[in-house]
Amino acid sequence: MELNPELAARFSLEGRVAVITGAASGFGAEASRLFARAGARVVLADINAAGAEATAAQVREAAGEAVVVPTDTANRDQVEALADAAVKAFGGLDIWLNIAGVSVWKPLL
């Protein structure tokens, strides 16, 4: 999908760093490609590392910058490491887009 040039200028993410969870497929993969086309450098996180790498390859083919950080978003330590990896890779963190689906089953009482 091509972005309308007027909208692309209005919604530029040039120079921004975005973490996108759930980046291996579906909405997360599409958001990763769209954010990169808008100029963001993207940090792709997913429990499915191979799928996230495939998305990163698509981003790079379109001249975007992407790094993959395999992450289980149900694990706090891994999420904190993800934030640290984004800062280390690109020098900062501007946008965090949570798309990964996580279910936690616990008794209500």
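Calculation notes
- Residues numbered from 1 in each chain as written.
- Predicted model: local features only at pLDDT ≥ 70, side-chain atom pairs only at ≥ 80, totals over all residues.
- Heavy atoms only, no water.
- Buried < 20%, exposed > 50% of the residue type's maximum accessible area, 1.4 Å probe, protein only.
- Helix = DSSP H or I, 4+ residues; strand = E, 2+ residues; numbered from the N terminus.
- Pairing = 2+ DSSP bridges.
- Right-handed = clockwise from strand over helix to strand, strands pointing away.

Colleague: How would you summarise the pairing of strand 1 (residues 17-21) if you had to cite specific residues and measurements?
Modeller: Counting buried residues along strand 1, five of its five residues qualify, which places the element largely inside the surrounding structure. Of the two faces of strand 1, the one carrying Val17, Val19 and Thr21 and the one carrying Ala18 and Ile20 are both buried. Relative to strand 2 (residues 41-46), strand 1 runs parallel, the two being bridged by five bridges. From the neighbouring strand, Thr21 faces strand 2, where its bridge partner is Ala45. Assessed by its sense of winding, the connection that carries the chain from strand 1 through helix 2 (residues 26-37) to strand 2 is right-handed. Here strand 1 pairs with strand 4 (residues 95-97) via three bridges, running parallel. Its bridge partner being in strand 4, Ile20 is matched across the sheet by Leu97.

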